[in-house]
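This is what each chain is made of:
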Amino acid sequence: MINATHEEVELEVIGVFRLGIHKVADTMLITNVTTAQKILGMGDYVSMLGINLAQPFLAERTAKSIEEKLGKEDVLVFQWLQAA
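Figured I'd write up the structure that's included with this text. (Residues numbered from 1 in each chain as written. Predicted model: local features only at pLDDT ≥ 70, side-chain atom pairs only at ≥ 80, totals over all residues. Heavy atoms only, no water.)

Here we take up the overall build of the protein chain. Across its full length, the protein chain carries four helices and zero strands. Taking 2.2 N^0.38 as the reference for a compact globule, 84 residues should give roughly 12 Å; the C-alpha atoms of the protein chain span a radius of gyration of 15 Å, well beyond that estimate. In terms of principal-axis extent, the alpha carbons of the protein chain reach across some 40 × 30 × 20 Å. For the protein chain, the proportion of its 84 residues judged to be buried stands at 13%. Counted over contacts in the protein chain with a minimum sequence separation of 6, partners at least 24 positions apart contribute 40%. Carbon and sulfur atoms provide 56% of the accessible area of the protein chain, an area that totals close to 7800 Å². (Helix = DSSP H or I, 4+ residues; strand = E, 2+ residues; numbered from the N terminus. Rg over C-alpha atoms; globule rule 2.2 N^0.38 Å. Buried < 20%, exposed > 50% of the residue type's maximum accessible area, 1.4 Å probe, protein only. Contact = heavy atoms within 4.5 Å. Areas by Shrake-Rupley, 256 points an atom, 1.4 Å probe, with all protein chains shown as cover.)

In this section: the environment of K23. Note on placement: K23 falls in helix α1 (residues 22-25). Taking relative accessible area as the criterion, K23 reaches 65% and is therefore assigned exposed. C-alpha separation for the pair K23 and L70, spaced 47 residues apart in sequence, amounts to 27 Å.

Turning our eyes to something else, we now look at the side chain of N3. With respect to the helices, strands and loops of the structure, N3 is situated in the segment before α1. Judged by its relative accessible area of 6%, N3 is buried. Among the polar contacts listed, one links the side chain of N3 to the backbone nitrogen of E7, at a separation of 2.8 Å. (Polar contact = N/O pair within 3.5 Å; in protein donor to acceptor, adjacent residues only side chain to side chain.)

Within helix α2 (residues 33-40), the full set of buried residues consists of T35, Q37 and I39. The N-terminus of α2 is capped by N32, whose side-chain oxygen sits 3.2 Å from the backbone nitrogen of T34. Within two residues after α2, G41 carries a phi angle of roughly 60°, on the positive side.

Spelled out as structure tokens, the structure:
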């Protein structure tokens with residue numbers, strides 16, 4: 001794959017899944033932060049972070065908790081029910 005800064009990045013697909021939310025799943029890639037930064041040519045920066053919960057229906061409460069902890073940081077926190 002050629003990344004955003006025109007460098008070659010070698011990737012290995014280890015699985016395919018069906019999320020059931022086409023708006024999200026059609027453009028989703030799950031990887032670690034280091035690989036995502038290489039693909040996007042972002043250096044040490046992060047533009048989005050996803051968190052998977054063992055109990056997905058706690059997403060709303062978890063999102064509110066994260067918003068409270070981050071305070072006035074310039075971030076957008078949303079949970080999967082809002083993306084559906």
